[in-house]
Amino acid sequence: MKALLCRTFGLPATLEVAEVPQPQLQADEVLIKVSCCGVNFPDTLLIQNKYQYKPALPFSPGGEVAGTVVAVGDQVTSVQPGTRVVALCGWGGFAHYAAVNSSRVFALPPAIDFQNAATTFYNFATAYHALKDRAQLKPGETLLVLGAAGGVGLATVVLGKLMGATVIAAASTHDKLALCKKKGADFLINYSTHDLKEAIKETKKGGVDVVFDPVGGLYAEAALRTLIWRGRHLVVGFTSGTVPAFAANVALLKGASIVGVFYSGFAQKEPARNAENMHELMQWSATGKINQAIYKTYSLEQAAQALQDLIDRKVLGKAVVQLD
Ligand SMILES: NC(=O)c1ccc[n+]([C@@H]2O[C@H](COP(=O)([O-])OP(=O)(O)OC[C@H]3O[C@@H](n4cnc5c(N)ncnc54)[C@H](OP(=O)(O)O)[C@@H]3O)[C@@H](O)[C@H]2O)c1
């Protein structure tokens, strides 16, 4: 089979498409013929050895696949050959076949196609865990989303609206904000041209209950300072490249919480709650209540370019690699 291979750590240009053996199946694993693989920021960190997980070289990046089960290990009872599935595999997805632990594999309802599946569930599962389990977002609250036109950002805009919040989307370009508006955002802030804190003061409530922050850097403290009493600042990621050092006095004065969000850790440590969340998301996806915006479909040969486009902040919504 063919796969995109990371043989040495570096930028996407160092990746190559190569012929490799099909993965060996372990007793608790499922072998999937991959149809589509979503493109995510963590892929760009993995190949540069900047992520919390460190797969042994050589490996294929690609953390969320959708496709058809072709074989199952002796211990697997949840799916059978022929089942259409989505799998949050972490890596190994930019390949024609992927072997994934069965706890990370979810059967798809017929209404959800592979492209939709491979672009929806990692982002929405992260966003839902953040808003529901970590922030306990309530209807009527105000939610600020940074990097709002990115994969997890846009999923958070959509879920924030579905959960009854007023959503303020913050992003760096007019086109990115137009996409957020299309997905339901109530207020739009271009943080590359406007001061984030001042712009939030001008919105209806003058402050926010919850910040969803996958960006970090300079915007993080500005966003923390927009929280109102008992606000929650969700620490999701650091696409800016800078992990913020928060002023603890701001949290004290607002009775606020700075709350970590680690979806993979949640899925591993609380599999039953994660399965419940996935079930709800599947229903919402199957009935069209949630979906991603697909920016572009790339071939396996173009997958390295897809990762570079993500690093260059060109992607609006979600990029996807089609393998069949
Ligand atoms: N905690 C968890 O469990 C979890 C799970 C999944 C992902 N994540 C993290 O969430 C973050 C977003 O992931 P994603 O897949 O949604 O990424 P993405 O689609 O690339 O979106 C990230 C957004 O960050 C903004 N950004 C600001 N500075 C940037 C820079 N220097 N380089 C690139 N983007 C920059 C961009 O929006 P603007 O151009 O509008 O600023 C971009 O749209 C990543 O840090 C990822 O590791 C965390």
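This structure is a prediction, so every number in the text was calculated from the model and none was measured.

Criteria and cut-off values
Residues numbered from 1 in each chain as written. Predicted model: local features only at pLDDT ≥ 70, side-chain atom pairs only at ≥ 80, totals over all residues. Domains from an automatic or database assignment. Contact = placed C-beta atoms within 7 Å. Nonpolar A, V, L, I, M, F, W, Y, C, P; charged D, E, K, R; others polar. Axes fitted to C-alpha atoms, helices over the stretch in contact; angles between N-to-C directions. Helix = DSSP H or I, 4+ residues; strand = E, 2+ residues; numbered from the N terminus. Parallel < 35°, antiparallel > 145°, perpendicular 65-115°, else oblique. Left-handed = near helix turned anticlockwise from the far one by under 90°. Buried ≥ 20, exposed ≤ 12 C-beta atoms within 10 Å, placed from the backbone. Near = placed C-beta within 6 Å.

**Structural notes on the domain arrangement of the protein**
On domain assignment, one finds that the protein holds domain 1 (2-111 + 292-322) and domain 2 (122-264). Placing the centre of domain 1 and that of domain 2 at their C-alpha centroids yields a distance of 28 Å. Listed by partner, the interface residues are twelve residues for domain 1 and 13 residues for domain 2. The class makeup of the residues in the side of domain 1 that touches domain 2 is four nonpolar, five polar and three charged.

**Here we look at the packing of helix α2 (residues 114-134) against helix α9 (residues 271-286)**
The N-to-C vectors of α2 and α9 enclose an angle of 130°; their axes lie 10 Å apart at closest approach. It follows from the interaxial angle that α2 and α9 lie oblique. The crossing of α2 and α9 is right-handed. Along its contact with α2, which presents Asn116, Thr120, Phe121, Phe124, Ala125, Tyr128 and His129, the element α9 presents Asn277, Met278, Leu281 and Ser285. Residues belonging to the contact of α2 with α9 are distributed by class as follows: six nonpolar, five polar and no charged.

**Quick word on helix α6 (residues 217-224)**
Every buried residue belonging to α6 is among Tyr219, Ala220, Ala222, Ala223 and Leu224, and all of these are buried. Looking at the buried positions of α6, the neighbouring elements they touch are β8 (142-146), α5 (196-201), β11 (208-213), β12 (227-235) and α7 (248-254).

**So, the site of the ligand**
Around the ligand, a shell composed of 27 residues is seen, among which Phe41, Gly147, Gly150, Gly151 and Gly237 lie nearest. Sorting the residues of the shell around the ligand by element identifies α1 (41-46) and α3 (151-162) as the ones contributing at least two each. Residue contributions to the shell around the ligand peak at three residues, all from α3. Residue contributions to the shell around the ligand reach at least three from each of two domains, namely domain 1 (2-111 + 292-322) and domain 2 (122-264).

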